[in-house]
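Here are the chains, one letter per residue:
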Amino acid sequence: MSQRTYTWAQIEEINKKSLDASNKATQKPLLMTHGSNVIDISEFRSVHPGGQVIETWIGKDIQDVFKALHHPNTAKMLPKYTVGKLTGPSVFDKNTAGFVEECRKLSADFERRGLFKASLLYYAFKVSFNLSIWASSMYLLTKYPKNPAVVFLAGWLTAIFWQQSGWLAHDFLHNQVFSNRKTSRLFGYFVGNVWQGFSVAWWNNKHLAHHAVPNIHTEDPDIDTFPVLAWSDHALSLFSDLPDDVASRFFIKYQKWYFFPVLALARISWAAQSLFYSVPLLNGFFWGQTSQQIKFNVHNHTYETIGLVLHYLWYFGVMAAYLDWTMALLYLITSQAGCGLLLAGVFALNHNGMPIYSHDEAKEMDFFSLQVLTGRDVEPNLFNNWFTGGLNYQIEHHMFPTLPRHNFHHVQPAVAKLCKKYGVTYHTTGFVEGTFEVLKRLDDVSQAARKLHKA
Ligand code: HEM
């Protein structure tokens with residue numbers, strides 16, 4: 001049977017008509033392309049295992065985002081949703097076809113060289129080293145429970161342990177270590193839920209959506225921090241919608257001054273969000289998802305719940321058994337605030353202060369250009385690589401999310417060279433300079449908000 005053919009202009013027109021329908025059930029068809037195949041996701045989007053993020057790529061070519069975020073076998077499902085063939089150029093051809101083609105060749109070359117294969121020895125060392133940080137913290141706490149300086153130090157060691165657990169869970173859940181998804185998740189539950197106290201389901205849904213649409217206003221959950229922090233002029237459109245909101249006016253004007261105190265609260269906020277998201281009773285109450293949605297979004301309630309219970313048992317158990325309430329408070333504040341600063345300080349460096357695009361601005365951007373333009377690399381050295389869990393190679397990580405962190409330094413020169421060849425801005429900076437760039441962006445947005453307020 002011959003398939004229907006579509007030009008890019010037809011795809012855009014069809015999608016526009018469908019999306020104009022107010023009722024979601026009647027928004028049909030919703031088209032995207034995978035190379036020359038045209039795919040309709042209108043039936044599939046509500047049961048997509050990766051969630052609603054699939055909708056952010058309607059009207060785009062999904063070849064590269066699909067490869068980055070799925071198991072290779074998932075491609076076998078695509079024919080089921082294919083409704084026709086694309087004739088003529090795709091939206092990207094006129095802009096960055098050469099760059100995209102060479103990025104794909106690079107990926108194939110890395111694969112041939114075995115760079116996507118993790119060294120289990122490296123990860124065994126990382127896990128053991130991290131465990132030794134936790135053991136040191138627990139030893140100090142239980143041996144000198146009345147000494148405030150030692151309890152303070154133990155709090156910081158716990159903060160470092162949590163930060164490093166965050167990087168490890170990140171690698172497992174990006175399937176960098178094991179290609180088997182079940183094994184990756186199991187390690188994710190252990191390191192993420194039990195050690196770190198974060199929910200795998202909450203983190204996965206948020207983080208992978210960020211990977212699909214980094215720094216895209218209203219789509220990337222990581223920059224959805226308004227009114228506490230506003231990252232771009234786009235966010236000011238939300239600000240001007242709230243002309244009489246005294247609190248958001250105050251927040252936005254002084255944001256560079258309270259940036260670090262906010263980071264110190266980040267871990268508490270993430271731990272609370274994890275609980276609200278993964279524990280069905282709390283989710284229904286605080287997050288407002290229906291039991292059907294919870295069932296769908298939280299992959300394994302039993303593992304999530306057991307993991308979090310074990311986490312709080314060890315954390316509060318050691319405080320209850322060894323510390324009086326003043327020392328317990330000191331340990332609690334140091335570990336929570338310390339970890340917030342250590343984790344969020346690195347997150348901010350990864351993308352904050354880099355360009356932010358609206359959905360329309362990003363419409364014609366290919367996957368690779370979007371990842372490069374919105375990411376910031378931080379100069380590699382022994383400390384930066386360890387402290388950031390390899391995320392200082394943010395651009396390379398976003399282009400190839402399943403690449404194990406110990407191989408980033410092998411691929412970085414080729415990526416930088418390719419970006420230079422095609423004039424795609426590739427930004428690398430030092431740790432301190434990067435932090436100042438973040439603060440400068442906060443200040444720029446504050447200044448713009450002040451002008452808007454006066455106008
Ligand atoms: C017709 C197109 C698509 C199909 C058939 C499809 C199918 C699937 C399937 C079967 C899974 C679970 C197995 C796996 O992880 O590979 C999945 C997960 C996922 N998908 Fe898709 N998908 C499609 C398009 C997309 C698009 C366009 C995006 C991004 C914009 C996306 C983002 C995700 C994410 C983030 C996950 C979660 C992966 C994880 O937990 O490791 N998918 N998808």
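The structure presented is a predicted model; accordingly, all values stated were derived computationally and were not measured.

1. As for unusual backbone geometry
Negative phi is the rule for most residues except glycine; trans is the rule for most peptide bonds.
Stage number 1. Cis geometry marks the peptide bond from Lys28 to Pro29; its omega dihedral reads -10 degrees.
Stage number 2. By the secondary structure assignment, Pro29 is in the loop between α1 (8–20) and β2 (31–34).
Stage number 3. At Asn175, a residue that is not glycine, the phi angle is positive and equals roughly 60 degrees.
Stage number 4. For Asn175, the location among the structural elements is in the loop between α6 (148–173) and α7 (181–196).
Stage number 5. Judged by the 22 C-beta atoms lying within 10 Å of it, Asn175 is buried.
Stage number 6. Of note in this structure, Thr218 is not a glycine but carries a positive phi near 70 degrees.
Stage number 7. Structurally, Thr218 can be placed in the loop between α8 (200–212) and α9 (233–240).

2. A word on the UniProt feature "transmembrane region" (unreviewed entry) in the protein
Stage number 1. Under the UniProt annotation, "transmembrane region" (unreviewed entry) lies at residues 120–141, 147–165, 186–203, 258–282, 303–323 and 329–349.
Stage number 2. This span, residues 186–203, is 83% helix and 0% strand, and a straight line between its end C-alpha atoms measures 14 Å.
Stage number 3. Taken end to end, residues 329–349 has its terminal C-alpha atoms 30 Å apart, with 100% of it in helix and 0% in strand.

3. With respect to the pairing of strand β4 (residues 82–86)
Within a regular beta strand, the side chains point alternately toward one face of the sheet and then the other, so they alternate between its two faces.
Stage number 1. As paired strands, strand β1 (residues 4–6) and β4 are joined by three bridges and run parallel to one another. Bridge pairing links Thr5 to Lys85 in β4.
Stage number 2. In this sheet, β4 lies alongside strand β3 (residues 37–40) in antiparallel orientation, the contact comprising three bridges. Counterpart to Val38 in the pairing with β4 is Gly84.

4. Description of the UniProt feature "domain: Cytochrome b5 heme-binding" (unreviewed entry) in the protein
Stage number 1. UniProt annotation of "domain: Cytochrome b5 heme-binding" (unreviewed entry) refers to residues 3–87 when read in the numbering used here.
Stage number 2. For residues 3–87, helix accounts for 28% and strand for 19%, while the C-alpha atoms at its two ends are 12 Å apart.

5. A word on the site of the ligand
Stage number 1. Every one of the 23 residues lining the ligand counts as a neighbour, but Pro49, Gly50, His70, Thr74 and Leu208 are closest to it.
Stage number 2. The set of elements that each furnish at least two residues to the shell around the ligand consists of α2 (63–69), α3 (78–81) and α8.

6. Some points on the sheet that holds β1
Stage number 1. A sheet is described by the order of its strands in space; here four strands give the open sequence β1-β4-β3-β2, paired in mixed fashion. Of all strands in the sheet, those bounded by a partner on one side alone are β1 and β2. Each strand of the sheet is rotated relative to its neighbour by a mean of 40 degrees, with strand direction disregarded.
Stage number 2. When β2 meets β3, the two strands line up antiparallel, connected through four bridges. Its bridge partner lying in β3, Met32 is registered against Ile39.
Stage number 3. Where α1 meets the sheet, it contacts β1, β2 and β3, and its direction lies at approximately 145 degrees from that of β2.

7. Examining the domain arrangement of the protein
Stage number 1. Taken domain by domain, the protein comprises domain 1 (4–91) and domain 2 (92–455).
Stage number 2. Contacts between the two partners involve 15 residues from domain 1 and, on the opposite side, 18 residues from domain 2.
Stage number 3. Of the residues in the side of domain 1 that touches domain 2, the class split is seven nonpolar, six polar and two charged.

8. Comments concerning the nonpolar core
Stage number 1. Membership of the largest hydrophobic core comes to 99 residues, with the highest contact counts inside it found for Trp231 and Phe368.
Stage number 2. Per-element accounting of this core gives the leading share, 12 residues, to α6.
Stage number 3. Per-domain counts for this core show at least three residues from each of domain 1 (4–91) and domain 2 (92–455).
Stage number 4. Phe368 has contacts with Asp64, Phe99, Val100, Cys103 and Met399, leaving out every residue within four places of it along the chain.

So, how was this worked out
- Residues numbered from 1 in each chain as written.
- Predicted model: local features only at pLDDT ≥ 70, side-chain atom pairs only at ≥ 80, totals over all residues.
- Helix = DSSP H or I, 4+ residues; strand = E, 2+ residues; numbered from the N terminus.
- Buried ≥ 20, exposed ≤ 12 C-beta atoms within 10 Å, placed from the backbone.
- UniProt positions renumbered as here; feature names shortened; annotations may be inferred.
- Pairing = 2+ DSSP bridges.
- Near = placed C-beta within 6 Å.
- Axes fitted to C-alpha atoms, helices over the stretch in contact; angles between N-to-C directions.
- Contact = placed C-beta atoms within 7 Å.
- Domains from an automatic or database assignment.
- Nonpolar A, V, L, I, M, F, W, Y, C, P; charged D, E, K, R; others polar.
- Core = buried A, V, L, I, M, F, W, Y, C linked by C-beta atoms within 7 Å.

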